[in-house]
Amino acid sequence: MSKGILLVNLGSPDSTDVQDVRTYLREFLMDPKVLDSPWLVRKFVVECFILPKRPVNSAEAYQKIWTDEGSPLIIYSKKLQQKIQNKVDAPVGLAMRYKNPSIAAGLQELYDKGVREILVIPLYPQYTMSTTETVVDKVMAVQKKKFKDVDIKFLKAFYNHPDYIKVLGDSIREKLPLQFDKLLFSYHGIPERHDKKAIAFGKRNNIKVETYRNQCLETSRLVAEYLGLSEDQYHTSFQSRLGKDPWIQPYTDQTIEDFPSQGIKNLAICTPAFVADCLETLEEISMEGKALFSKAGGENFTYIPCLNDRNDWIEVLVKWINGWLNQ
Ligand SMILES: C=CC1=C(C)c2cc3[nH]c(cc4nc(cc5[nH]c(cc1n2)c(C)c5CCC(=O)O)C(CCC(=O)O)=C4C)c(C)c3C=C
Ligand SMILES: [Fe+2]
Ligand SMILES: [Fe+2]
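Each chain has its residues counted from 1, following the order in which its sequence is written. Chains carry letters from A onward and ligands carry numbers from 1 onward, assigned in written order. Whole-chain, interface and lining totals are the exception, using all residues; otherwise, since this is a predicted model, local features are given only for residues with pLDDT of at least 70 and side-chain atom pairs are given and counted only at 80 or more. Note that the side-chain values use all heavy atoms of the structure and ignore hydrogens as well as water.

Draft legend 1. Structural detail: the site of ligand 1. Lining the immediate surroundings of ligand 1 are 27 residues, of which Ser12, Arg54, Ser58, Tyr62 and Leu279 lie closest. Contact distances for ligand 1 include 2.6 Å between an oxygen atom and a side-chain N or O atom of Tyr62. Listed by contribution, the elements that provide at least two residues to the shell around ligand 1 are α1 (18–29), α3 (54–65), α6 (129–146) and α11 (279–295). Residues belonging to the shell around ligand 1 are distributed by class as follows: 17 nonpolar, eight polar and two charged. Being near a molecule or strand, for a residue, comes down to having at least one heavy atom within 4 Å of it. Residues adjacent in sequence count toward polar contacts only when both atoms are side-chain atoms; beyond that, a polar contact is any pair of N or O atoms within 3.5 Å, and within protein one must be able to donate a hydrogen and the other to accept it. Where helices and strands are cited, they refer to DSSP runs of H or I of at least four residues and of E of at least two residues respectively, numbered from the N terminus. All residues other than Ala, Val, Leu, Ile, Met, Phe, Trp, Tyr, Cys, Pro, Asp, Glu, Lys and Arg, Gly among them, are scored as polar; the first ten of these are nonpolar and the last four charged.

Here is the structure:
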């Protein structure tokens, strides 16, 4: 049976127009694995409280990072796909969980090439319901509807995989200034409730489930160990919270604001929940985070880019893919 690969990332709006941002946010936030309240409550909250105003602010934020070629997240994901395609002997597709290119289109393209066995690679190092799980749900729903004769496997979360830790560590070492007071690992946050649900699921099914927060802490610990950093040289925090519910802590914005008063004036920051630079890294951290730090009295702020299309990252993905292709 012919094998193929589907890389899946989160997705971006089709353009920075408010209306395109609104449709993107509607699809994203109506996902029950993202806003996990009952459908009617979710619909009410999204349509009445979020969609009237947020798309205007989000569109403005997207305009700051958008390039002539489009959204950085999509551009880096396409580069990743092309570079991997040049190195593996099987079709490599690309899809986004929200908006375009859709998961249905990605699967269709592979199907049209005769592929009947697919390895889906959710481009998220850490597993949680709003990352890997929603990709699995969507792929399986489309498979059930349109591609019943296709066998699908998923790459596991790789937050602690030695190959990933090595490339992440190397990418950080290359950009880490000689003098820095703290290296901050800032991960996308999630509501605390999502981790509690994961724990409850583990207990019900008598299996060990690592919370998303613990996976993030473990990524930081392993990278720090790889780089030979002591505990007081690095810290972990969580960004991008939405709504009034408690999200996993500590929060990145508060952490950045508090650092200068603790004598941390030279800050380096990396964002390992994202394999590709995107709105959350380029605008929220590299621009807004830097401004917050400087306003609070910080002096030097170094943003360390995501893995994007680095050659060593491509080599790792190619190694994992070949491992599956040669099974
Ligand atoms: C990397 C992991 C991510 C997790 C976990 C995650 C959870 C999560 N996100 C929202 C709400 C929003 N996130 C937004 C942007 C965004 N989120 C991720 C990744 C994760 N999200 C990425 C890569 C991006 C950037 C996309 C891009 O086009 O560059 C946005 C949109 C922007 C905005 O309006 O702020 C929202 C909204 C929730 C509620 C959530 C967990 C429940
Ligand atoms: Fe998000
Ligand atoms: Fe954000």
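There's plenty left to go through after this.
Draft legend 2. Looking closely at the pattern of salt bridges. Salt bridge, as applied in this entry: a Lys or Arg side-chain nitrogen positioned within 4 Å of an Asp or Glu carboxyl oxygen. Overall, the coordinates contain 24 salt bridges when judged by the stated rule. When the shortest N-O distance is used, the salt bridge between Glu47 and Lys43 registers 3.1 Å. You can see Glu47 and its partner Lys43 sitting in helix α2 (residues 39–50), four residues apart, about one turn around the helix. Partly exposed describes any residue whose relative accessible area lies between the buried limit of under 20% and the exposed limit of over 50%, with all areas from a 1.4 Å probe on protein chains only and scaled to the type maximum. With relative accessibility at 27%, the residue Lys43 sits in the partly exposed group. Taken together, the shared-partner salt bridges in this structure form one network comprising Asp36, Arg193, Lys197 and Asp245.

Draft legend 3. Structural view of the side chain of Ser12. By the secondary structure assignment, Ser12 is in the loop between β1 (3–9) and α1. Side chain to side chain, Ser12 and Ser71 meet in a polar contact 2.7 Å long. With residues near it in sequence (within four places) discarded, Ser12 still touches Tyr24, Trp66, Ser71, Leu73, Ile74, Tyr98 and Lys99. Residue contacts are counted whenever heavy atoms from the two residues lie within 4.5 Å of one another.

Draft legend 4. Up close: α2. Within α2, burial applies to Arg42, Val46 and Ile50. Each buried residue of α2 lies within a common arc of 40° when the element is viewed along its axis, so the set occupies one face. With respect to the buried face of α2, the exposed residues turned more than 90 degrees away are Leu40, Phe44 and Phe49. As used here, the arc is the angular range of directions from the helix axis to the C-beta atoms.

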